[in-house]
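Geometric and topological summary
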Amino acid sequence: MANEQVKLLIIGSGPAGYTAAIYASRANLSPVLIEGLQVGGQLTTTTDIENFPGYPNGISGAEMMEDLRRQAERFGTEMRFGMVTSVDFSGDKKLVTVDGDKLIEAEAVIVATGATAKYLGLPSEAKFRGSGVSACATCDGFFYRKKDVAVVGGGDTACEEATYLAHLCNKVYLIVRKDALRASKAMQQRVFNTPNIEVLFEHNTLELTGTDVVEGARLVFRQGTADEQIRDIKIDGFFLAIGHKPNSDVFAKYLDTDDAGYIKTIAGTSKTNVTGVFACGDVQDPRYRQAITAAGSGCKAALDAEQYILSRND
Ligand code: NDP
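Report on the accompanying structure. (Residues numbered from 1 in each chain as written. Predicted model: local features only at pLDDT ≥ 70, side-chain atom pairs only at ≥ 80, totals over all residues. Heavy atoms only, no water.)

So, unusual backbone geometry
Positive phi values are uncommon outside glycine, yet D99 reaches one of about 55 degrees. With respect to the helices and strands, the residue D99 is situated in the loop between β7 (94–98) and β8 (102–111). Look at D99 and you get partly exposed, because its relative accessible area is 36%. We note that R222 has phi near 45 degrees; this positive angle belongs to a residue other than glycine. Given the relative accessible area of 30%, R222 is considered partly exposed. (Helix = DSSP H or I, 4+ residues; strand = E, 2+ residues; numbered from the N terminus. Buried < 20%, exposed > 50% of the residue type's maximum accessible area, 1.4 Å probe, protein only.)

Brief notes about the packing of aromatic side chains
Applying the stated rule across the entire model yields 6 aromatic pairs. On the numbers, 5.5 Å between centres and 80 degrees between planes, the contact of Y144 with F239 is edge-to-face. One end of the pair, Y144, is in the loop between α4 (137–140) and β11 (148–152); the other, F239, is in strand β17 (residues 237–240), and 95 residues separate them in sequence. Judged by relative accessible area, F239 falls into the buried class, the value being 0%. Taken together, the ring pairs in this structure connect F89, F251 and Y254 into an aromatic cluster. (Phe/Tyr/Trp six-rings, centres within 6.5 Å; stacked < 30°, edge-to-face > 60°.)

So, a positive patch on the surface
On the surface, K118, R177, K178 and R182 cluster together to form a positively charged patch. You can see R177 is positioned in the loop between β12 (171–175) and α6 (185–192). We classify R177 as exposed; its relative accessible area is 63%. (Patch = residues over 30% accessible without salt bridge, like charges linked within 9 Å, V, L, I, M, F, W, Y side chains within 5 Å. Areas by Shrake-Rupley, 256 points an atom, 1.4 Å probe, with all protein chains shown as cover. Salt bridge = Lys/Arg side-chain N within 4 Å of Asp/Glu carboxyl O. Lys, Arg positive; Asp, Glu negative; His and termini not counted. Charge placed at Lys NZ, Arg CZ, Asp CG, Glu CD.)

Notes on the layout of surface pockets
The calculated volume of the second largest pocket comes to roughly 250 Å³. Around the second largest pocket, the lining is made up of 18 residues, and of these T265, Q284, D285, S297 and K300 lie nearest the centre. For the lining of the second largest pocket, the element with the most residues is helix α7 (residues 291–312), which contributes 4 residues. Looking at the lining of the second largest pocket residue by residue, the classes come out as 6 nonpolar, 8 polar and 4 charged. (1 Å grid on protein atoms, 1.4 Å probe; cavity = no way out; pocket = protein on both sides within 12 Å on 5 of 7 lines; lining within 4 Å. Points joined across faces, edges and corners; volume = space filled by probe spheres on them. Nonpolar A, V, L, I, M, F, W, Y, C, P; charged D, E, K, R; others polar.)

Quick look at α6
Residues M187, Q188 and V191 constitute the buried set of α6. Across the axial projection of α6, the buried residues extend over an arc of 100 degrees, all falling on one side. Those residues of α6 that are exposed and aimed more than 90 degrees away from the buried face are K185 and A186. The secondary structure elements touched by the buried residues of α6 are α5 (156–168), β12 and β13 (197–200). (Arc of directions from axis to C-beta. Contact = heavy atoms within 4.5 Å.)

In C-alpha cells, the structure reads:
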C-alpha cells in the first residue's frame, strides 16, 4: 500500500500545535495533526488558566484546549490520535511513522511535542495532582494566596517560582536536596532577601499528607546520615520545580538540540537545522514555557511552513 502523502504534518496537541493548525488550515495547507497520547498536552493537567488573554473569567485548561482543537478542526485540520514512533528526515520528503506502522510522507513537519515536568515519583504526589500538587507556580500560584506552600528544587526555576509565590503566599518553603542552590547568584540573592521564604537545605520529601487535598509534607533532613531528622510542615500547595524534559527523543537523530534536549531553532524563527522541519512551543523553549508564548510560536511555525511549502511549489 502506498504511503499517505500530506503537505503539512503537525506533531503535538498543546497550544503550539493547535495554533499552528489554525493558521495552517486557514492557509489551505490541509494539515494533519498527530495528537499524541495526552490530547491537549500539559495544560489539561492544570486547573484554571487565568493568564491567557481573552478569558476575563478564566477557563479550565481542558476547556481551553478543546476550544483550540475545535477552532483548528473548523478550518479543516484533520486530527489523529496516535504517537509518532520514528521519523526519517534525511530526504526531501519527511517520513513519519505513527504507532509503529502508519507511514506518512510530508512536505513539511511542525514539531510541537512539548515538555513534561519532572515529578519526584511519590505515590501521594500522583494522588494530589491538581489538588495541591502543581508543576507551575505562574499557572496555579494564585489559588494559594495567603497560604503556606513549598517549592522543590534549587535551580533558577525553583528560585523564580519561590519568589513569585512569596508575593502571593503567607510563607514559602524552598526544599533543596543539596547544601547549596544551583541557581544563578542573582536569583539566589533574591531568594535570600525575601523574608517569607525559608530555604530548607539538605531536605528531601518523603510523602505528602492530607485527606482530599494537600495539608502537609513529611520531610527528611540529611537522609541516611547520623544527623537524619524527620520534619513535618503544614502546607496547602506543593510545587515541583525540578526541571522539565522536552519530548524530543524521537527526533534526536536528525534535529540539533541543546544539552537538555530542547530543539534548537534559528533565532527569531521556528526553523530547525533540517530544511522543512519547524519547531514551536515548549519542546524548543526552556525559558518561558507559557501557553501564550507556545501559541505565539505555533503561529510563527505555521507561517514559516507555509512560506516553505509555497516556495517549493513555485
Ligand atoms: P535545573 O536543572 O537547573 O535545576 C533543577 C533543580 O532541581 C536542581 O536544583 C536539582 O538539584 C533539583 N532536582 C532535580 N531532581 C530532583 C529530585 N529528584 N529531588 C529534589 N531536587 C531535584 O532546572 P530549572 O528548571 O531550574 O532550569 C532549567 C534551565 O532554564 C536552566 O538552564 C536555568 O538556568 C534556565 N532558567 C533560567 C531562568 C532565568 O534566567 N530567568 C528562569 C528559569 C530557568 P541539584 O542541584 O541537586 O541537582
